[in-house]
Amino acid sequence: MSNPTTSFFQALGRRGHEALLEEVTGTIRFDLTHEQGVDRWFVAIERGDVRVSRDGGEADCALHGSRATFDRIVSGQSQLYPAWLRNEIRAEGDLLLSRTFLRLMPGPPGAQHPRDLGRERRRAA
């Protein structure tokens, strides 16, 4: 059975290239604990090209936390940065890389991009 975190990483791996990360190169490992153990996700970014795997090798940045917390984050019910400030997610290594990864996180359910919202308002007027 798939959970929100698994779905998020699988979808991220299918995207291939992210224009928001074209200036970024680095690796991030996610170590997410749950009752059965630890899920490891490895994200490699090379000038916007994103690859996702389950290999848990050395990374430029490592994020540690519970899978339940990350499930809430990728579901849009919580956000990564505030979870980090609450010490629900811990980061080590290249913190700038972890902050850059925030660009890929989903917004709250029902949220719209500001440009799309502006277009809708102009059409309605």
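The rules we used
Residues numbered from 1 in each chain as written. Predicted model: local features only at pLDDT ≥ 70, side-chain atom pairs only at ≥ 80, totals over all residues. Heavy atoms only, no water. Phe/Tyr/Trp six-rings, centres within 6.5 Å; stacked < 30°, edge-to-face > 60°. Helix = DSSP H or I, 4+ residues; strand = E, 2+ residues; numbered from the N terminus. Buried < 20%, exposed > 50% of the residue type's maximum accessible area, 1.4 Å probe, protein only. Lys NZ or Arg CZ within 6 Å of the ring centre and 35° of its normal.

S.K.: Would you mind showing me how to read the packing of aromatic side chains here?
M.R.: Describing an aromatic ring pair means giving the distance of the ring centres and the angle of the ring planes. The full count for this structure, using the stated rule, is nine aromatic pairs. Ring centres of Phe-8 and Phe-70 lie 6.3 Å apart, and the angle between their planes is 70°; on these two criteria the pair is classed as edge-to-face. You can see Phe-8 sitting in helix α1 (residues 4-15) and its partner Phe-70 sitting in helix α2 (residues 67-74), a full 62 residues away along the chain. One exposure class covers both Phe-8 and Phe-70, and it is buried. Here the aromatic rings of Phe-8 and Phe-101 are separated by 6.4 Å at their centres, their planes lie at 85°, and the arrangement is edge-to-face. Of this pair, Phe-8 sits in helix α1 while Phe-101 sits in helix α4 (residues 95-101); the two residues are 93 residues apart in sequence, bridging distant segments of the chain. You'll find Phe-8 and Phe-101 in the same group, each marked buried. In textbook terms, an aromatic cluster arises when at least three aromatic residues are bridged by ring pairs, as seen for Phe-8, Phe-9, Phe-30, Trp-41, Phe-70 and Phe-101. A cation over an aromatic ring shows up here: Arg-54 above the ring of Trp-41, its NZ or CZ 3.9 Å from the ring centre. In this structure, Arg-99 is placed above the aromatic ring of Tyr-81, and the distance from its NZ or CZ to the ring centre is 4.7 Å.

S.K.: For this particular structure, what's the right way to read the side chain of Ser-98?
M.R.: Within the fold, Ser-98 resides in helix α4. In this structure Ser-98 comes out as buried when scored by relative accessible area, which is 10%.

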